[in-house]
Amino acid sequence: MDLDAITEYSALHPKPSGLILQYGTAGFRTKAEHLDHVMFRMGLLAVLRSKQTKSTIGVMVTASHNPEEDNGVKLVDPLGEMLAPSWEEHATCLANAEEQDMPRVLMDISVKAAVNLQQDAFIVIGRDTRPTSEKLSQSVIDGVTVLEGQFHDYGLVTTPQLHYMVYCRNTSGQYGEATLEGYYQKLSKAFMELTKQTLCSEDEYRSLKVDCANGIGALKLKEMEHYVSQGLSVQLFNDGTKGKLNHLCGADFVKSHQKPPQGMEMKSNEKCCSFDGDADRIVYHYLDVDGHFHLIDGDKIATLISSFLKELLLEIGESLNIGVVQTAYANGSSTRYLEEVMKVPVYCTKTGVKHLHHKAQEFDIGVYFEANGHGTVLFSKAAETKIRQLTKELEDEKRKAAAKMLENVIDLFNQAAGDAISDMLVIEAILTLKDLTIQQWDALYMDLPNRQLKVKVADRQVISTTDAERQVVTPPGLQEAINDLVKKYKLSRAFVRPSGTEDVVRVYAEADSQVSWDGSIERICGESLIPWVVGVVVGEKRKLFQ
């Protein structure tokens with residue numbers, strides 16, 4: 001390791017004094033002008049991680065659903081998964097090291113992680129469409145090259161596409177071909193195979209309006225369109241030609257504000273969906289004949305998918321175990337429907353994709369979606385082998401057809417990460433095969449009215465939680481106060497948890513009537529949370545309830 005060269009290059013990417021950042025589930029995210037040094041250092045770290053794992057590592061430059069002026073970076077581990085927790089700590093240490101300490105910190109990481117510095121390293125890099133992404137991506141490349149790592153720059157890709165590339169490269173092409181063409185062909189082939197028996201009928205459900213959040217999803221859907229045009233007609237809105245990234249549009253806006261995105265003309269009963277800025281989240285929505293807005297979020301997506309998978313397993317006659325993984329934000333109605341109607345086991349984890357992904361790996365078929373629309377389905381190697389075997393061995397035509405469908409579903413999901421394009425194609429295939437309208441899908445169960453708020457605080461660490469963030473541990477007495485409120489309302493539930501990224505405390509409440517929930521969430525904030533949390537900005541509380 002040439003420490004002099006690293007010091008020299010590092011001076012070209014100076015760290016702003018006093019800036020402290022933390023690598024979280026989403027990597028690093030902040031205002032783009034503060035990130036140049038972080039990008040350079042993550043290039044360095046990616047090389048060390050590649051040497052340690054003897055694998056290709058990914059670096060994605062994106063801030064997902066954040067405003068356009070933000071940016072961020074995250075590393076992708078060998079099987080397309082999130083960076084290992086111990087390396088998140090290394091990332092934080094390296095990003096925050098003062099200039100003169102940086103080479104020493106780099107050496108410390110190499111020693112702690114037992115990195116063989118003679119090992120070759122290969123990094124793949126991708127970026128979103130933000131104005132700052134290209135320059136920041138070059139800073140990553142500077143970090144990679146100064147440590148003599150090899151790299152391939154994929155340029156403009158969705159975050160899930162980069163995860164896919166990493167997975168492909170580290171499985172010697174068994175998962176797929178590590179090119180955009182390979183990605184499009186794998187997904188489109190599975191989609192067209194799944195839906196081919198229904199292609200002959202004129203089908204009003206086969207058109208879809210897509211809000212692309214003025215992000216990378218629009219570019220990639222345009223590239224993919226002709227691959228699936230026989231099976232699906234997509235009409236793109238907020239495609240980046242005008243309008244700012246994620247501004248008043250996209251999955252996060254639609255989910256948070258429970259209203260249609262700007263820039264998309266919606267007629268009654270038209271099927272619509274929204275991606276987020278880097279195309280790893282998707283939510284569906286429509287207007288009914290009375291003009292009321294209906295949101296179909298990650299909970300209902302998980303319900304549709306897991307119900308379909310369970311039906312296929314029953315048809316085949318295989319007893320593979322299927323589990324649905326949710327977070328505390330999942331609507332209580334979805335959990336009840338899955339457990340009581342579909343008889344599918346549901347498990348709750350802490351918020352954050354890495355927790356859901358990890359839990360989903362415990363099942364033959366693990367379905368995970370956050371309510372925000374981020375999710376996918378994981379198939380164990382044993383389950384995948386069994387299903388592919390059944391397509392060859394089964395003689396009964398109905399069972400064989402069901403096994404073949406399941407095989408195509410495996411290929412249609414991006415098992416490396418939640419992927420809006422992949423999830424969209426799965427959903428469209430299921431709706432077609434089951435002959436469901438978006439209204440019929442929405443009517444599977446009625447969401448309990450719910451509300452989410454955030455309360456600004458001076459120190460979010462005052463609150464700690466347990467039981468997948470559903471119960472408060474500290475400060476003492478807060479959980480009891482919430483319990484007393486919740487007892488007053490039917491089917492009600494509420495929790496508070498510290499944000500993982502900013503000094504706010506997040507509050508969630510649901511109950512069986514609007515009167516209950518409006519009153520309950522205001523009391524949780526106003527009567528319970530505010531007095532318990534030291535350093536609350538009182539003015540913020542007033543704004544929340546005006």
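Keep in mind the model is a prediction, meaning the values are calculated, not measured.

Cut-offs and rules
Residues numbered from 1 in each chain as written. Predicted model: local features only at pLDDT ≥ 70, side-chain atom pairs only at ≥ 80, totals over all residues. Heavy atoms only, no water. Helix = DSSP H or I, 4+ residues; strand = E, 2+ residues; numbered from the N terminus. Rg over C-alpha atoms; globule rule 2.2 N^0.38 Å. Buried < 20%, exposed > 50% of the residue type's maximum accessible area, 1.4 Å probe, protein only. Contact = heavy atoms within 4.5 Å. Areas by Shrake-Rupley, 256 points an atom, 1.4 Å probe, with all protein chains shown as cover. Lys, Arg positive; Asp, Glu negative; His and termini not counted. Charge placed at Lys NZ, Arg CZ, Asp CG, Glu CD. UniProt positions renumbered as here; feature names shortened; annotations may be inferred. Pairing = 2+ DSSP bridges. Disulfide = S-S within 2.5 Å. Axes fitted to C-alpha atoms, helices over the stretch in contact; angles between N-to-C directions. Left-handed = near helix turned anticlockwise from the far one by under 90°. Nonpolar A, V, L, I, M, F, W, Y, C, P; charged D, E, K, R; others polar. Salt bridge = Lys/Arg side-chain N within 4 Å of Asp/Glu carboxyl O. Core = buried A, V, L, I, M, F, W, Y, C linked by side-chain atoms within 4.5 Å.

Q: Please clarify how the overall build of the protein chain should be interpreted in this entry.
A: In terms of helices and strands, the protein chain carries 19 helices and 19 strands. Relative to the globule expectation of 24 Å for 546 residues, the C-alpha radius of gyration of the protein chain, 24 Å, shows essentially globular dimensions. C-alpha atoms of the protein chain, sized along the principal axes, occupy 65 × 60 × 45 Å. Burial statistics for the protein chain: of 546 residues in total, 59% are counted as buried. At a minimum sequence separation of 6, the contacts of the protein chain that also span at least 24 residues come to 70%. Summing over all exposed atoms, the protein chain offers an accessible surface of approximately 22400 Å²; the carbon and sulfur share of this is 50%. The average position of the 59 basic charges and that of the 76 acidic charges among the side chains of the protein chain differ by 3 Å.

Q: Before we go on, may I ask you to explain the UniProt feature "domain: Phosphoacetylglucosamine mutase AMG1" (unreviewed entry) in the protein chain in this structure?
A: The sites that carry the UniProt feature "domain: Phosphoacetylglucosamine mutase AMG1" (unreviewed entry) are, in the present numbering, residues 178-283 and 297-435. Between the C-alpha atoms that bound residues 297-435 there is a distance of 20 Å. The span itself is 58% helix and 14% strand.

Q: Just to check I follow, could you spell out the pairing of strand β11 (residues 322-327) for this structure?
A: Sheet faces and side chains relate simply in a regular strand, where the side chains alternate between the two faces. Most of β11 sits inside the fold, with 6 of its 6 residues counted as buried. Burial of the side chains of β11 extends over both faces: Ile 322, Val 324 and Gln 326 are buried on one face and Gly 323, Val 325 and Thr 327 on the other. Note: β11 against strand β13 (residues 365-369), 4 bridges, orientation parallel. The residue of β13 that forms the bridge with Ile 322 is Ile 365. Bridge analysis of β11 against strand β12 (residues 346-349) gives 4 bridges, and the strand direction is parallel. The partner of Val 325 across the bridge, within β12, is Tyr 347.

Q: Teacher, can you tell me more about the state of the cysteines here?
A: Two cysteines joined by a covalent bond between their sulfur atoms form a disulfide. Considering all chains together, one arrives at 0 disulfides under this definition. With no disulfide partner, Cys 249 has as its closest neighbouring cysteine sulfur the one in Cys 212, 9.3 Å distant.

Q: It is not clear to me how the packing of helix α2 (residues 36-53) against helix α3 (residues 85-96) should be interpreted in this structure. Could you clarify?
A: Two packed helices can be described by the angle between their axes and the distance between those axes. Between α2 and α3, the least distance of the axes is 9 Å, while the angle of their chain directions is 145 degrees. Once α2 is placed against α3, the crossing between them reads as right-handed. Counted together, His 37, Val 38, Arg 41, Met 42, Leu 45, Leu 48, Arg 49 and Gln 52 of α2 and Trp 87, His 90, Ala 91, Leu 94, Ala 95 and Asn 96 of α3 form the full contact between these two elements. Of the residues belonging to the contact of α2 with α3, the class tally is 8 nonpolar, 4 polar and 2 charged.

Q: Before we go on, may I ask you to explain the side chain of Asp 280 in this structure?
A: Mapped onto the elements, Asp 280 comes out in the loop between β8 (272-275) and β9 (282-287). Buried and unpaired, Asp 280 has no salt bridge, with Lys 74 as the nearest side chain of opposite charge at 4.6 Å. Setting aside residues no more than four positions away along its own chain, Asp 280 makes contact with Ser 64, Pro 160, Gly 373, His 374, Gly 418, Asp 419 and Ala 420.

Q: Hey, could you run me through the nonpolar core in this one?
A: As a rule of thumb, soluble globular proteins bury nonpolar side chains together. By size, the foremost hydrophobic cluster in this structure holds 87 residues, and its most contacted members are Val 210, Phe 275, Tyr 284, Leu 309, Met 424 and Leu 425. Counting residues in hydrophobic clusters, the runner-up holds 43 residues, among them Ala 5, Phe 28, Leu 83 and Leu 106.

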